[in-house]
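Structure at a glance
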Amino acid sequence: DMKRRRGDYYLCPDVVLAAGQKYVDLWKDRTKCEITGYVRFEQYIALSKLSKEGLRKKYNLDNSKRIVFFPAFGPLMFSDTNGGEYIDATDELNEVTQALVEIAKNKNTCVVIKPHPYSHRYYGKVKKGSVTLKRSDDLLRKYWLRDSDGIMVLKQSRFDSCTLKEMLHLADLVVACGVSTTILEALLLKKPTINILPGRANIACNKYDVESSVQTVIISKELVELAKCDVPILDSSDVITKYMGPVDGGFCERVCEVIKSNV
């Protein structure tokens, strides 16, 4: 909605190269669109060649333990209140973390958490008055600062997309929030996935429309109970087509063809 954008001008391109149909729909009646897929997703094609045993060794993970992977959502969420603003999502993040702490009490389970790239705003020094001012009750910060039995926080790799891909490949169960692109990547890899939508994450302006293609829970108690079960892999082909477009190794060729045909 351009009324929410600050400033008097915005760029309306002649052609938009969109990942999938969802993004084409955003430009409906505004300009020409072509679906090309997206290079980020095509990188997962090579993951099947990686050794899970080698990855467990790399991350010092016990071969006998089930790995539950949580790619954490960021410290801020968008809200459509007051014409659109970002709100502190610590309460929502804490609720998921508390559930993961319960799940990690199972001695045969290891919970691996990858903080969102911008979570350092909680754990480092921030300017007084910043919207991302750190809070003392942030549970993820506690596990960031010290190791704990059953929970591993990947502190050194916030901006490392390779780590994310490797952990998604390695995971036996992915717990992800429908506000994050990583839930789409888990579906692309056909991983047993639980979609957790606590509090203000569960509003239309935040989340991907994946609830018909992945087990979805709203509160932490439901997450703890579902994680004890064998979570089925549901058909997510419609979601992948909608948001990711074709994932077949042909992204670069399609981009080049669209550019040549529109120059």
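Going by the structure above, here's the rest.
Let me begin by describing the structure that accompanies this report. Source: prediction; values computed, not measured.

With respect to the pairing of strand S6 (residues 109–114)
Here S6 lies mainly inside the structure; six of its six residues are buried. Side chains of S6 alternate between two faces, with Thr109, Val111 and Ile113 and Cys110, Val112 and Lys114 buried alike. Taken together, the three bridges between S6 and strand S7 (residues 151–153) define a ladder with parallel strand orientation. From the neighbouring strand, isoleucine 113 faces S7, where its bridge partner is valine 153.

Here's the deal with helix H9 (residues 220–227)
Residues of H9 that are buried include every one of Leu223, Val224, Leu226 and Ala227, and no others. Those residues of H9 that are buried are in contact with strand S3 (66–71), helix H4 (90–103), strand S8 (173–176), strand S9 (193–196) and strand S10 (215–217).

Details of the nonpolar core
Grouped together as the largest cluster of nonpolar side chains are 34 residues, with contacts concentrated most on Phe70, Leu100, Ile113 and Leu223. The leading source of residues in this core is H4, at six residues. Leucine 100 has contacts with Val68, Phe70, Val111, Ile113 and Val175, leaving out every residue within four places of it along the chain. The next biggest cluster of nonpolar side chains, apart from the first, holds 30 residues, and it includes Tyr59, Leu187, Tyr208 and Tyr243.

Description of the sheet that holds S6
Pairing within the open sheet is parallel, and its six strands lie in the order S7-S6-S3-S8-S9-S10. What marks the edges here is a single partner per strand, and that holds for S7 and S10. Taken over all neighbouring pairs, the strand axes of this sheet differ in orientation by 20° on average, direction set aside. Docked against the sheet, H4 engages S3, S6, S7, S8 and S9, running at close to 175° with respect to S3.

Some remarks on a nonpolar patch on the surface
A contiguous nonpolar surface patch, about 310 Å² in accessible area, is contributed by Leu17, Ile259 and Val263. Checked against the element boundaries, valine 263 lands in the segment after helix H11 (251–262). A relative accessible area of 86% places valine 263 in the exposed class.

Observations concerning the layout of surface pockets
Over the atoms, a rolled probe matching the size of one water molecule traces out where space is still vacant. The calculated volume of the second largest pocket comes to roughly 310 Å³. In terms of lining, the second largest pocket is formed by 18 residues, of which the most central are Asn60, Leu61, Cys110, Ile151 and Met152. Per element, the largest residue contribution to the lining of the second largest pocket is three residues, and it comes from S7. Of the residues that constitute the lining of the second largest pocket, the class distribution is eight nonpolar, four polar and six charged.

Conventions used here
- Residues numbered from 1 in each chain as written.
- Predicted model: local features only at pLDDT ≥ 70, side-chain atom pairs only at ≥ 80, totals over all residues.
- Heavy atoms only, no water.
- Buried < 20%, exposed > 50% of the residue type's maximum accessible area, 1.4 Å probe, protein only.
- Helix = DSSP H or I, 4+ residues; strand = E, 2+ residues; numbered from the N terminus.
- Pairing = 2+ DSSP bridges.
- Contact = heavy atoms within 4.5 Å.
- Core = buried A, V, L, I, M, F, W, Y, C linked by side-chain atoms within 4.5 Å.
- Axes fitted to C-alpha atoms, helices over the stretch in contact; angles between N-to-C directions.
- Patch = residues over 30% accessible without salt bridge, like charges linked within 9 Å, V, L, I, M, F, W, Y side chains within 5 Å.
- Areas by Shrake-Rupley, 256 points an atom, 1.4 Å probe, with all protein chains shown as cover.
- Salt bridge = Lys/Arg side-chain N within 4 Å of Asp/Glu carboxyl O.
- 1 Å grid on protein atoms, 1.4 Å probe; cavity = no way out; pocket = protein on both sides within 12 Å on 5 of 7 lines; lining within 4 Å.
- Points joined across faces, edges and corners; volume = space filled by probe spheres on them.
- Nonpolar A, V, L, I, M, F, W, Y, C, P; charged D, E, K, R; others polar.

Purely geometric stuff here, so don't read any function into it on its own.
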